[in-house]
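This is what each chain is made of:
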Amino acid sequence: MKTVHVNVSRGYDVRIGQGLLQDCGRAIRSVTDASAAFIISDENVFVPYGRTVMERLQGAGFLVDHYVFPHGEQSKNLRVWGDILEAMCAAQVTRSDVVVALGGGVPGDMAGFAAAAYQRGVDFVQLPTTLLAAVDSSVGGKTAVDLKGGKNLAGAFHQPLLVLCDTDTFRTLPDRELTSGFAEVIKYAVLEDGLFSALDPVPSGEALEDVIARCVSIKNDYVSADEFDRGCRALLNLGHTVGHAAEACSGYRLLHGEAVAMGLAAIARASAVRGICSAETADRIVALLQRYNLPTEIPFSVPELRREMLRDKKRSGSELNLIVPEAIGRCRTETVPVGDLDAWLRDGGVS
Ligand code: NAD
Ligand code: GLY
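Residues numbered from 1 in each chain as written. Chains lettered and ligands numbered in written order. Predicted model: local features only at pLDDT ≥ 70, side-chain atom pairs only at ≥ 80, totals over all residues. Heavy atoms only, no water.

J.: Describe the pairing of strand S11 (residues 330–337), and please don't skip the residues or the numbers.
T.: In terms of strand pairing, strand S10 (residues 319–327) meets S11 through 8 bridges, oriented antiparallel. Bridging from a neighbouring strand, valine 324 pairs with arginine 332 of S11. In this antiparallel pair of consecutive strands, S10 and S11, the connection spans 2 residues, and glycine 329 shows a positive phi of 95°. (Pairing = 2+ DSSP bridges. Helix = DSSP H or I, 4+ residues; strand = E, 2+ residues; numbered from the N terminus.)

Shown next as structure tokens:
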């Protein structure tokens, strides 16, 4: 098992290893005196893993209740979030209880935001079951739901008490979901030196645990320096500004990681055209994405992408901040006037 400590205002451990769900009751008991635990999950995850988690929590002396919603981004909305809060109220969850998020980024973000809002804040624990949630969404305390106008537009910063990533759960994860998670892994490999070479060949088993721990450690570097996302944490959005736009253009049929892969490829190509990085750097990024069978061409037009990019919540007036690679292991923010966006997208290979 690997442990990474996240150094925020109220720090916590992220534990990564096989079989961690089997011991989750004891692990959660070690960080809380709560008398009850309220599990929030989706049905794809709750069916194979819910019973184990409930039994282990009961074994550790928690009264246990749960709320399970239909899987997928379509559930990440205010209606389902409201249903979760009502279910917590009906189950008489109190401020001294603990919420347990079991699943990928969707249950994690929803449960985290419910925990942030319910009675003005209840503790919560993350049990990520996708690679994407393990390396990104379960760590750092960003919680949210989508609004009709865009993704993650309502939310709160609420750090978990503990993150337990049981890598055995990846065995039931569909291949497409696992591949999508590797896009975020490749993002970290471009942000900081040392990880890129560990990604070829594709890591599995203990090597994958090492890679996840390395990603969490890189995320900790940014989150601990800028917990509330006012400065350097923005670099974690590498590939995301174009990626989020592609995701929206697809009507959320693209998985988050697939869209991030497209965004990474586009920003790398555009950075090479503009002399921000070398052509070799851009080629290495695109080749690594392709090694993982991730998409690197964007099937949407410049006007379609521009329309979605202008909705980006990080846009400030007539400028947009894009995160660009200067080299593998070195990225920075480039402030781009909205009027230059089309040229950037075309340089990124969008037609
Ligand atoms: P997800 O939670 O929808 O999981 C993807 C699919 O895999 C779902 O159908 C789910 O039911 C299924 N699944 C999950 N674990 C499984 C398992 N072990 N076995 C079988 N099936 C399983 O999505 P995701 O890709 O984990 O996360 C994407 C979400 O995370 C997006 O909403 C994105 O906005 C959010 N996100 C948040 C942050 C953050 O910092 N909070 C960072 C990145 C992404
Ligand atoms: N996923 C980006 C962040 O946590 O800031």
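We are not done yet, so read on.
J.: Give me the lowdown on the site of ligand 1, citing residues and values where you can.
T.: As a structural note, the neighbourhood of ligand 1 is formed by 27 residues, with Glu73, Gly105, Thr129, Thr130 and Thr172 the closest of them. At 3.0 Å, a side-chain N or O of asparagine 44 approaches an oxygen atom of ligand 1. Here an oxygen atom of ligand 1 sits 2.7 Å away from a polar atom, N or O, in the main chain of glycine 105. Expressed as a share of its isolated accessible area of 850 Å², the protein-covered part of ligand 1 is 91%. Put simply, the parts of the chain that give the shell around ligand 1 at least two residues each are helix H2 (43–59), helix H4 (105–117), helix H5 (131–137) and strand S8 (150–157). (Near = heavy atom within 4 Å. Polar contact = N/O pair within 3.5 Å; in protein donor to acceptor, adjacent residues only side chain to side chain. Areas by Shrake-Rupley, 256 points an atom, 1.4 Å probe, with all protein chains shown as cover.)

J.: Describe the site of ligand 2, with residues and values.
T.: Every residue close to ligand 2 is listed here: Asp136, Lys142, Lys219, Arg233 and Leu236. For ligand 2, an oxygen atom lies 2.9 Å from a polar atom in the side chain of lysine 142. At 2.7 Å, a side-chain N or O of lysine 219 approaches an oxygen atom of ligand 2. In isolation ligand 2 offers 200 Å² of accessible surface; the protein chains occlude 87% of this area. Grouping the amino acids of the shell around ligand 2 by side-chain chemistry returns 1 nonpolar, no polar and 4 charged. (Nonpolar A, V, L, I, M, F, W, Y, C, P; charged D, E, K, R; others polar.)

J.: So what about unusual backbone geometry? Which residues, and what values?
T.: The linkage connecting aspartate 200 with the following residue, proline 201, adopts the cis geometry, with an omega of 10°. Residue position: proline 201 is located in the loop between helix H6 (175–191) and helix H7 (205–225). Not every positive phi belongs to a glycine, and glutamine 119 is a case in point at roughly 50°. The topology assignment puts glutamine 119 in the loop between H4 and strand S6 (123–128). Positive phi values are uncommon outside glycine, yet tyrosine 252 reaches one of about 65°. Looking at the element boundaries, tyrosine 252 is found in the loop between helix H8 (240–249) and helix H9 (256–273). Among the residues examined, tyrosine 252 registers a relative accessible area of 29% and is labelled partly exposed. (Buried < 20%, exposed > 50% of the residue type's maximum accessible area, 1.4 Å probe, protein only.)

J.: Explain the side chain of histidine 158 to me, using residue names and the numbers behind them.
T.: As for its placement among the helices and strands, histidine 158 is situated in the loop between S8 and strand S9 (162–166). Of the residues examined, histidine 158 reaches a relative accessible area of 14% and is grouped as buried. Polar side-chain contacts of histidine 158 include one of 2.7 Å to the backbone oxygen of valine 122. When sequence neighbours within four positions are dropped, the list of residues in contact with histidine 158 reads Gly112, Ala115, Ala116, Val122, Phe124, Gly141 and Thr143. (Contact = heavy atoms within 4.5 Å.)

J.: Tell me about the packing of aromatic side chains, residues and numbers included.
T.: Tallied over the full model, the rule gives 3 aromatic pairs. Residues tryptophan 81 and phenylalanine 113 carry aromatic rings whose centres are separated by 4.4 Å and whose planes lie at 15° to one another, so their mutual orientation is stacked. On the criterion of sequence distance, the pair formed by tryptophan 81 in helix H3 (residues 78–90) and phenylalanine 113 in helix H4 is long-range, its members being 32 residues apart. Judged on exposure class, the residue tryptophan 81 and its partner phenylalanine 113 are both buried. The side chain of arginine 29 reaches across the aromatic face of phenylalanine 62, ending 3.8 Å from its centre. (Phe/Tyr/Trp six-rings, centres within 6.5 Å; stacked < 30°, edge-to-face > 60°. Lys NZ or Arg CZ within 6 Å of the ring centre and 35° of its normal.)

J.: How would you explain the environment of isoleucine 323 if you had to name every residue and give the values?
T.: Among the secondary structure elements, isoleucine 323 is positioned in strand S10. On the basis of relative accessible area, isoleucine 323 is assigned to the buried category, the value being 5%. Separated by 83 residues in sequence, isoleucine 323 and histidine 240 have C-alpha atoms that sit 8.6 Å apart. Setting aside chain neighbours within four positions, we find isoleucine 323 in contact with Ala234, Leu235, Asn237, Leu238, Ile267, Cys331, Arg332 and Thr333.

J.: I'd love a proper account of the nonpolar core, names of residues and values included.
T.: Judged by nonpolar contacts, the single largest core of 78 residues is most densely connected at Ile186, Ile212 and Leu305. The element that contributes the greatest number of residues to this core is H9, accounting for 10 residues. Among the nonpolar cores identified, the runner-up in size contains 24 residues, and Leu85, Ala101, Met110 and Ala116 belong to it. (Core = buried A, V, L, I, M, F, W, Y, C linked by side-chain atoms within 4.5 Å.)

J.: Describe the pattern of salt bridges, listing the residues and the values that go with them.
T.: Counted by the stated rule, this structure contains 26 salt bridges. With a shortest N-O distance of 3.4 Å, aspartate 210 and lysine 2 are connected by a salt bridge. You can see aspartate 210 sitting in helix H7 and its partner lysine 2 sitting in strand S1 (residues 2–6), a full 208 residues away along the chain. Here aspartate 210 falls in the partly exposed class, since its relative accessible area comes to 39%. Among the ionic pairs, aspartate 136 bridges to lysine 219, the shortest N-O distance being 2.6 Å. Of this pair, aspartate 136 sits in helix H5 while lysine 219 sits in helix H7, placing them 83 residues apart in sequence. Among the residues examined, aspartate 136 registers a relative accessible area of 12% and is labelled buried. Relative accessible area serves as the criterion here: at 5%, lysine 219 is assigned to the buried category. (Salt bridge = Lys/Arg side-chain N within 4 Å of Asp/Glu carboxyl O.)

These figures come from the coordinates and say nothing about function on their own.
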